[in-house]
Structure formats: structure tokens, C-alpha cells
Amino acid sequence: MNTFRPFVLWMALSLFTASFSISCSQRVIKSTDKMLAVPIPDKEGATVKGRVYAKGRGVANVVVSDGVEVTSTDENGVYYLASSKKQGYVFISIPANYEVNSVGNLPQFFKYLQASREEVEVVDFELTPVRNDNHSVIVMTDFHLADRTDDLSQYARFVKDVNGSIQELREQGKKVYGLTLGDLSWDNYWYSRSFALPEYVLQMNKLNTTVFNTIGNHDNDPYIAGDWDSGAAYRKYIGPTYYSFNIGKIHYVVLDNVEYLNKGGNQGKIGERNYKARVLEEQMEWLKKDLETVQDKSTPIVLAMHVQLNNAPKADQSATQRLDNASELLTVLAPFKRVQVLTGHTHVNYTVENTPNLMEHNIAAVCATWWWTGKDGYTGNHISQDGSPGGYMVWNMSERNIDWYYKGIDKARDYQFRAYDLNKVKITAAKFAPNSTDAKLKNYTNGYEVANNKNEVLINVWGDDPQWKVNVTENGVPLKVTRVQTYDPLHIVSYAAMRLQDNATPSKGFVTSKSAHFFKATASSASSTLDIKVTDRFGNVYKESMVRPKEFSTKMM
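Since the structure is predicted, the reported quantities are computational estimates derived from the model, not experimental observations.

**Let's talk about the UniProt feature "domain: Calcineurin-like phosphoesterase N-terminal" (unreviewed entry) in the chain**
(1) Moving on: Cross-referencing UniProt, the feature "domain: Calcineurin-like phosphoesterase N-terminal" (unreviewed entry) maps to residues 50-127 in the present numbering.
(2) Moving on: Within residues 50-127, the helical portion is 0% and the strand portion 45%, while the C-alpha atoms at the span's ends are 13 Å from each other.

**Looking at unusual backbone geometry**
(1) Moving on: In this structure, Pro 549 follows Arg 548 across a cis peptide bond, with omega equal to 0°.
(2) Moving on: Along the chain, Pro 549 falls in the segment after strand E34 (541-546).
(3) Moving on: Residues other than glycine seldom take positive phi values, yet Lys 85 does so here, at roughly 60°.
(4) Moving on: Topologically, Lys 85 is positioned in the loop between strand E5 (78-81) and strand E6 (89-93).
(5) Moving on: Notably, Asn 475 is not glycine yet its phi reads approximately 55°, a positive angle.

**Things to note about the side chain of Glu 259**
(1) Moving on: Topologically, Glu 259 is positioned in strand E19 (residues 258-260).
(2) Moving on: Residue class for Glu 259 comes out buried when judged on its relative accessible area of 17%.
(3) Moving on: Among all residues touching Glu 259, those that are not within four sequence positions of it are Asp 227, Asn 274, Tyr 275, Lys 276, Arg 278 and Leu 280.

**Here we look at the packing of aromatic side chains**
(1) Moving on: Summed over all chains, the structure comprises 29 aromatic pairs.
(2) Moving on: When the ring of Tyr 155 is compared with that of Phe 158, the centres are 5.4 Å apart and the planes differ by 45°; the resulting orientation is tilted. Of the two residues, Tyr 155 and Phe 158 both sit in helix H2 (residues 151-171), 3 residues apart, roughly one turn of that helix. Accessibility classification places Tyr 155 together with Phe 158 in one group, the buried group.
(3) Moving on: Through a chain of ring-to-ring contacts, the aromatic side chains of Tyr 89, Phe 91, Phe 109, Phe 110, Tyr 112, Phe 212, Tyr 242, Tyr 243, Phe 245, Tyr 252 and Trp 286 assemble into a single cluster.
(4) Moving on: Looking at Arg 235, its charged tip hangs above the ring of Trp 228, at a distance of 3.6 Å from the centre.
(5) Moving on: Between the NZ or CZ atom of Arg 499 and the centre of the ring of Trp 372, over which it lies, the distance is 4.2 Å.

**A word on the domain arrangement of the chain**
The extent of an interface is frequently quoted as the accessible surface area lost upon association of the parts.
(1) Moving on: Domain annotation of the chain identifies domain 1 (48-128), domain 2 (134-408) and domain 3 (417-546).
(2) Moving on: On the domain 3 side, the residues contacting the 29 residues of domain 2 number 29 residues.
(3) Moving on: Of the roughly 2,400 Å² buried between domain 2 and domain 3 on both sides combined, carbon and sulfur atoms contribute 58%.
(4) Moving on: In this structure, the connection of domain 2 to domain 3 is made through 1 salt bridge.
(5) Moving on: In this structure, Arg 537 and Glu 353 form a salt bridge, with 3.5 Å as the shortest nitrogen-oxygen distance.
(6) Moving on: Applying the counting criterion to the domain 2 and domain 3 interface returns 12 residue pairs in polar contact (both at pLDDT 80 or more).
(7) Moving on: Contributing elements (two or more residues each) for the side of domain 2 that touches domain 3: strand E23 (350-355) and strand E26 (401-408).
(8) Moving on: The biggest single contributor to the side of domain 2 that touches domain 3 is E26, with 4 residues.

**Regarding empty space enclosed by the protein**
(1) Moving on: All told, the structure shown has 3 cavities of 30 Å³ or more when counted by the stated rule.
(2) Moving on: Taken as a whole, the largest cavity encloses approximately 160 Å³ of empty space.
(3) Moving on: Together, 19 residues line the largest cavity, and Thr 351, Met 393, Trp 404, Trp 462 and Gly 463 are the ones closest to its centre.
(4) Moving on: Breaking the lining of the largest cavity down by element, the ones donating at least two residues are E23, strand E24 (358-362) and E26.

**Structural notes on the sheet that holds strand E29 (residues 469-474)**
(1) Moving on: Taken in spatial order, the 4 strands line up as E30-E29-E33-E34 in an open sheet, and their pairing is antiparallel. With partners counted over all chains shown, the strands left at the sheet margins are strand E30 (477-479) and E34, one partner each. Between one strand and the next, the sheet's axes are offset by a mean angle of 25°, whatever the strand orientation.

**Quick notes on the layout of surface pockets**
Empty space among the atoms becomes visible once a probe the size of a water molecule is rolled across them.
(1) Moving on: Taken as a whole, the second largest pocket encloses approximately 430 Å³ of empty space.
(2) Moving on: As for the second largest pocket, its lining consists of 20 residues, and the residues nearest its centre are Asn 61, Asn 246, His 251, Thr 293 and Val 294.
(3) Moving on: Looking at which domains feed residues into the lining of the second largest pocket, each of domain 1 (48-128) and domain 2 (134-408) supplies at least three.

**Considerations on the pairing of E29**
For a regular strand, side-chain orientation follows a simple rule: the groups alternate between the two sheet faces.
(1) Moving on: Only one face of E29 is covered, namely the face carrying Val 470, Val 472 and Glu 474; the face carrying Lys 469, Asn 471 and Thr 473 is uncovered.
(2) Moving on: As defined by bridge partners, E29 adjoins strand E33 (residues 530-535) across 6 bridges and the pair is classed as antiparallel. Residue pairing in the sheet places Asn 471 in a bridge with Lys 533 of E33.
(3) Moving on: Pairing of E29 with E30, which is carried by 3 bridges, proceeds in the antiparallel orientation. Each bridged residue has a counterpart across the sheet, and for Val 472 the counterpart in E30 is Leu 479.
(4) Moving on: Between E29 and E30, which pair antiparallel and follow one another directly, the connecting turn spans 2 residues, one of which, Asn 475, has a positive phi of 55°.

What counts and what doesn't
Residues numbered from 1 in each chain as written. Predicted model: local features only at pLDDT ≥ 70, side-chain atom pairs only at ≥ 80, totals over all residues. Heavy atoms only, no water. UniProt positions renumbered as here; feature names shortened; annotations may be inferred. Helix = DSSP H or I, 4+ residues; strand = E, 2+ residues; numbered from the N terminus. Buried < 20%, exposed > 50% of the residue type's maximum accessible area, 1.4 Å probe, protein only. Contact = heavy atoms within 4.5 Å. Phe/Tyr/Trp six-rings, centres within 6.5 Å; stacked < 30°, edge-to-face > 60°. Lys NZ or Arg CZ within 6 Å of the ring centre and 35° of its normal. Domains from an automatic or database assignment. Buried area = accessible area lost by both parts, 1.4 Å probe. Salt bridge = Lys/Arg side-chain N within 4 Å of Asp/Glu carboxyl O. Polar contact = N/O pair within 3.5 Å; in protein donor to acceptor, adjacent residues only side chain to side chain. 1 Å grid on protein atoms, 1.4 Å probe; cavity = no way out; pocket = protein on both sides within 12 Å on 5 of 7 lines; lining within 4 Å. Points joined across faces, edges and corners; volume = space filled by probe spheres on them. Pairing = 2+ DSSP bridges. Axes fitted to C-alpha atoms, helices over the stretch in contact; angles between N-to-C directions.

The structure is reproduced here in C-alpha cells:
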């Protein structure tokens, strides 16, 4: 087992962090020595105290926390915290129109505590004034980087695409930030591939913006059983597992909703890596305190966590809850008029509206199908199990106005659906897996092995939510469009067929999943041209003039 390389990288990252912090602190003290020279008196019960300041002046009403207790700075930027120091750090909720320094791309909104529980520590935070009411957030999830299946070369294309989006947004006058939703690494390969969280950080630093992170189930140490101890590496190399911050008029909250159990894990042995999807009680109590500081309940709340709040909806848009204590979380969020919940974990796209005030956006993976379908020797289709292109979301905020869209890697901004002429969709071994047989392939084709001559078209709209509209016309005549729950045929031939072609059994967790963001329409003939028009909730229109017959192949868009 090669543990030397990650150790060296961790040490290098730590030394860089220490050097950066020292140089920054020296620069700050030089310009604010008068303020910092004034001692803050002790306060009974307070074990942590300090100042939050910008340009040599204290900043009032900044929320400060240790993950349990929550307080705010006074008019001089001074705070006191009665901390048990359990978490080992203290952090601020970055206020609107300020930023903090970063180490690489990691924002330093937190500082590790050094003294004993009884000793009083002074922890100061410096802010930099900015204008970020008009901002964008690149939301990314499920990287699963492990230096395998050609992932790093595929990741390079992702980096180029994201940095292109960042540049375009900045040219529009936006301040741009990144937000990940977990599974940044892949716990099963931390030790066998010598690729863990420090290696992820080095890859993430290639993005041209500050990145806020979320812990996922695969970001825990697989050698350690128990939620708290298994998360120690994440807290050491990335930071707090739950926290909040403000950008412009939006309040962001990041939660850790994975209780990592990892039965049987011990030093040198990977455990079962099992977990529960829940927000633990201590964290829920912290969340209540944090949200109490947001007095204006019309403030938009963006809540990020890894495991989905709801399971994928059915064709009738009904959905069951996934999070064990989803009801409690919804109750805590209920006072707010506009809540957007961002989740990952499933590697597919879908939305669920739990209430008129709260919508979940479950976002497909950066890695798509675990980096398989785009790897060397496969189809080159970086495609998710629901047929979505692997990608990320772009959220645009202007004051309290919010809009969003999904962006496929190496795809145009307006690539928001894919349409199939089902008359031409027939999946056979001879065409898509000649090394295999129709009998083996049939286990994965979900009916597409049978010719369909019903003149139907199938439209996969991965960004769909209840306010999107899908219209199809034939010679100017509207056709009836029906939502269906089905399987994406391009994903079948991009993953299952290719695995069989490789004389391998398709992994159960990677095969095509049934999704409800599909729509069907039936034409009057097999050769008419159909005009497909998809309109999102913001009025953006995406079109295709489908000239039929339209061929089905691994190279189609």
C-alpha cells in the first residue's frame, strides 16, 4: 500500500497553508496594529473571543459559531463564544458584500483552535469589502476523483468548461463562486490508489474561483468506523462539515447529512462504508440557531447537502422522502418564503417541490456514470444514468432574483434536451455489442430491443420542473405530449452495451435508471418533420426541428 505520496502532498498543502496564513497575518497587523493592540477583556464563561474587521475597523453583526454555539459581533466587531471546543474550530458566517482570504480555492472563513478547553483563545477574522449582490454560483457534485477509469483526463475537460463559464459570467459583471455538493473523492480508493482529499484539493484548485465545499458519504475515511472520527480528514484538509455564509442578498447553508457508520472499519481495513441519511441532532440545533439570525424571513435561503431530501419523482410528480428526518428539516425551514435545496448523490437530475416555498434540485454528477462512458475506448458520451450529460448547474443571483440552468460539459448553454425518433431506436448486440449476445443485452435494454413502429418521439428534458413546458407540432398541428417514466436509450448503449462488449458485467449501480423527465408524442406518419419546443420556467426557449426518420447511434446529440 502506497501511503507516502498522499502524505507528502498533505504536508506540502499544510506548509503552503501555514506560510500563506503567516504572510496574511503579518500584512493585516501592519495595517491594523492600533485596533489589534487594544486587548479584548475576558468575559465570564467565554473560552473564545476575538474581532471581525475590515480595513482596520470592526464589523458589526457578523455571526460567529463553533458548530454548537452561535453569537454575533458587537458594534466594534468583538465577539465572545462560550465554546466547549468540541469541533476544534470557530467560523464566521461571511456577511453580505464581504469576502475572506483563500488558500488555493478554499475560503478561510474558519480557524482551528489550539488551546485547551479551559484556556481563553483570541481568534480574529479579517474581511475584504466587495460588491456581490449580483453574483453567480457554479454548483457541482459527485466528482469521485480516484485517478482511475481515465478520470483525470476527463476532469481536465470539465475544468476547461467550467473556467469558460466563469469567464463568461464575469464578463457579464457577475461575482462568481463555486459550491460543491459532496463525494469529491472516492473513499474506496483512498489507500489503494493513493488518492484522497488532499489530491482532490489540488484538482479543485484548477478552477478559477473560490469554492465552498460539502462533505459526502465517500469523503469519509474508510479505515475508521463512526461518523465523527471518520470525518476528521475532511475537517483537517477542507474545513467545517457544516456552516453558513451570505453572498449579496442570499443566505447559504451547507449541511452534513451523512451519518457515516462504516461497520468493521479499522486501521488498514476498509469497512462496509454504510451510512444513514440524516442531519444529526446537534447539527439540527445549530441550524435553528443560525436561521434565527436571519430575521427577514423573505430572505432567499439556499441549502446545500449531499444526500437527496426526496427520492426521484414518478410520472405524476409524486415523490417520497429520502432523508430520515426530512420532516424535521422541513419544519425548521418552514418560516422562510423562498428556499432552494441543492443535493447530489444520485448522479441524476430531478426536481421536487415539497411546498410552494421550497424546491429541491437534485443535480447530476460531474463524473456522469462514474467516469465510465467517457473513458478511453468507450463511446465518448459523458452521460448520466438518466441520460443527462455530465455537468453542473449555474445559479444567477441579482439582488433577490434567482434563475438557474444545467450546463453539460462540452455542451452549448442551450443544450437542454435530447429527442429520439423511436421508430429508429432498436438496441441489438449486432449493432452495439457484437462481442456479446442479444440474450445478455436484453437484461439492460428495457424494451428497446423490440422494434417500435408507432411513430412515437421521446424527449428527455433533464432540467425539467413543474413550470417547464414541452410542445410538439407536426405540420403546424399540435400533438398531445405526455410525461412518461422511462429509460434513456443513449445511456444504455453508452454503458451497458459497452461493458458487455468489453466482456464485463455492467455494475448494478451504474446501469440506466428510470426517470420521469421524459415526454412522448405520437406523429401521424414516420417521415414528417416535427417541431419540438421546450420552454423553461424563466421563458427561455429551446428548439429542435426533427427531420424524420432520425437515426439512433452512439454519436447522436
